[in-house]
Amino acid sequence: IAPFFSEKSTVGNKMRLAVLVSVFASIVYGKGEESIPVIEIRGEGKPMSSAQIRHLDEQANGGPLQIKVERRWKPENCERTAEKNDWVTIHYKVYLEDGRKILTTYDKDPVTFKLAADMTIQGLDQGLVDSCETEVMRVTVPWRLSQREDKGTMWKLIPAEEHWLRFDVEVLTVTKFSLAEQFKAMDKDGNASITENDLISFATEIKEKYGKGWKNADVDNVLAAKYFVRYFDQNNNAAIDFAEFQSTIEKDQKEMEAKKSGKLPKGSKRKHGFEWILDFDNDGIVSEKEIEESADRIEKGLNEKKDEL
C-alpha cells in the first residue's frame, strides 16, 4: 500500500484512502473479487491548480515550506566550511518529486558560484551554507525557493512548476571570501589589473551563465565599467591594481562604519563585486531609490570630478 501514497500530496492521499476503503469494504462484505465495483472518481468543481495545491501544503505545514537538508556524508574534521560570499565548486544531480533524475553535472564539468550573490536558485544557495568541503548532502527545495526570473545557461533546465526538487550534491571545494579572491574573479585576463574590458567580460559571463544582472535593467555594462574603473583607479592609468582595489574598499568601509549609528534606509546590504558602486551614499545599504536611480547616477558620475564620486 505504501507506494500508493505520496509524501507530498495531502489532498491526493485522502482521495487514494477513500478508494482503498471502498475496495476493502467490497471484498469483506461482498462476494469476493467479482463484487468489486468499478470505481469512478469525480472531483468536486474544477481541478485544483498547482498554486492551490501548494497553498494547501503550506497550510498543513503551518507556514511557508522550507528547504530540507540531509547530510549524507561529512568529513570528521571540517577544515573549510562554506559561508555567505564564499565560492563553492560542486557536482550535483537533480530529481523530480516522483524520483526521476532530470539533470546531472557528473557527465560534464562541475559548477562554481558564489554564495549569497544571486548566482543560483535560492533554495540551493541556502542549503549549501555551512556545508563542508568534500561533504555529500541532499537538499530538497520547495517550489517557492526554486524560482528565478533569469536562470542563465547554468540553471535553465531546472523546472519552474515542480512542487519539490531534490539536489544530491557533492561539495568539491570551498574557496573562502577575501578581497584578493574577489579581485581575481573580476580580473578576467589574469594580468593583475582590472580594466573596463575585464568588467564587461565579467558582467557578460555572470549574466549569460548564471542569469545574474543589474537590478535596474537600464544600467549599461560599458558605462558601469567606466564608472567602476574611475571610482577605484587612484593613479589615473585606466586600470585598477590590487592595492587600489583594497585601499578604496577599506576607505569606504570606514565611512560605512561611521554611518552605522544613523538611520539607514531600507534596502539590501552592500555587496562586494561589480555592484559595489551601487551604494552611492556609502552607508553600507543599497536602497531601492539607489537602484531606481543607478543608471542615471552612473551616467552623471562620469561627467563629475573624480573626488565627487
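Cut-off values and rules
- Residues numbered from 1 in each chain as written.
- Predicted model: local features only at pLDDT ≥ 70, side-chain atom pairs only at ≥ 80, totals over all residues.
- Heavy atoms only, no water.
- UniProt positions renumbered as here; feature names shortened; annotations may be inferred.
- Buried < 20%, exposed > 50% of the residue type's maximum accessible area, 1.4 Å probe, protein only.
- Helix = DSSP H or I, 4+ residues; strand = E, 2+ residues; numbered from the N terminus.
- Pairing = 2+ DSSP bridges.
- Axes fitted to C-alpha atoms, helices over the stretch in contact; angles between N-to-C directions.
- Parallel < 35°, antiparallel > 145°, perpendicular 65-115°, else oblique.
- Contact = heavy atoms within 4.5 Å.
- Nonpolar A, V, L, I, M, F, W, Y, C, P; charged D, E, K, R; others polar.
- Lys, Arg positive; Asp, Glu negative; His and termini not counted.
- Salt bridge = Lys/Arg side-chain N within 4 Å of Asp/Glu carboxyl O.
- Polar contact = N/O pair within 3.5 Å; in protein donor to acceptor, adjacent residues only side chain to side chain.
- pLDDT = per-residue confidence, 0-100.
- Left-handed = near helix turned anticlockwise from the far one by under 90°.
- Disulfide = S-S within 2.5 Å.

Per an unreviewed UniProt entry, the protein carries the name peptidylprolyl isomerase and comes from Pristionchus fissidentatus. Here is the UniProt Catalytic activity (unreviewed entry) comment for the protein, exactly as written: "[protein]-peptidylproline (omega=180) = [protein]-peptidylproline (omega=0)".

## Some words on the pairing of strand β5 (residues 136-142)
Across the seven residues of β5, six count as buried, placing the element largely inside the fold. Both strand β1 (residues 68-73) and β5 contribute to a ladder of five bridges, which runs antiparallel. Directly across from K68, in β5, lies its bridge partner T140. Pairing geometry for β5 and strand β6 (residues 164-175), over seven bridges, is antiparallel. Bridge assignment links M137 to a residue of β6, and that residue is V169.

## Re the UniProt feature "domain: EF-hand" (unreviewed entry) in the protein
UniProt's feature table lists "domain: EF-hand" (unreviewed entry) at residues 174-209, given in the numbering used throughout. Across residues 174-209, the secondary structure splits into 61% helix and 6% strand, with the terminal C-alpha atoms separated by 20 Å.

## Thoughts on the packing of helix α7 (residues 221-232) against helix α8 (residues 242-258)
Any two packed helices are characterised by the angle at which their axes cross and by the distance between the axes. Relative to each other, α7 and α8 sit at 85°, their axes nearing to 9 Å. Of the possible angle classes, the one that applies to α7 and α8 is roughly perpendicular. Counting all contacts with α7, which are made through F228, Y231 and F232, the residues of α8 involved are E244, F245, T248, I249 and D252. A per-class count over the contact of α7 with α8 returns five nonpolar, one polar and two charged.

## Section: the side chain of E162
Take E162: it is sitting in the loop between α4 (152-155) and β6. No salt bridge is formed by the buried E162; its nearest oppositely charged neighbour, R100, is found at 6.1 Å. A distance of 2.8 Å separates a polar side-chain atom of E162 from the backbone nitrogen of E97. Contact partners of E162, with chain neighbours within four places excluded, come to L96, E97, D98 and W143.

## Considering the confidence of the model for the protein
Here the protein shows a mean pLDDT of 85. Residues at 70 or above account for 78%. Per-residue pLDDT stays below 50 along residues 1-6; that stretch engages in 10 contacts with residues further than four places along the chain or on separate chains. Taken together, the stretch residues 8-43 has pLDDT below 50 and engages in 30 contacts with residues farther than four places along the chain or on a different chain.

## Describing the pairing of strand β2 (residues 87-95)
With respect to burial, β2 is a largely interior element, eight of its nine residues being buried. Bridge analysis of β2 against strand β4 (residues 111-114) gives four bridges, and the strand direction is antiparallel. Bridge pairing in β4 links T89 to T112. The pairing of β2 with β6 spans nine bridges and is classified as antiparallel. By the bridge assignment, Y95 is partnered in β6 with R166. Strand direction decides the pairing type here: β2 and strand β3 (residues 101-104), joined by three bridges, are antiparallel. Counterpart to V94 in the pairing with β3 is L103. If you look at the hairpin formed by β2 and β3, you'll find five residues sitting between the two strands, and G99 has a positive phi there, around 95°.

## Structural notes on the packing of α7 against helix α9 (residues 288-301)
As a packed pair, α7 and α9 sit with axes 9 Å apart at the nearest point and diverge in direction by 55°. Accordingly, the angle class assigned to the pair α7 and α9 is oblique. When the axes of α7 and α9 are compared, the crossing they make is left-handed. Between α7 and α9, the residues in contact are L223, A224, Y227 and R230 and R297, I298 and G301, respectively.

## Some remarks on the state of the cysteines
Evaluation of the coordinates by the stated rule reveals one disulfide. With a sulfur-sulfur separation of 1.8 Å, C78 is cross-linked through a disulfide to C132. Handedness here is read from the sign of the S-S torsion; for C78 and C132, about -120°, the answer is left-handed. Residue C78 is located in the loop between β1 and β2, and its partner C132 is located in the loop between α3 (122-128) and β5; the two are separated by 54 residues in the primary sequence. Overall, the relative accessible area of 30% leaves C78 in the partly exposed class.

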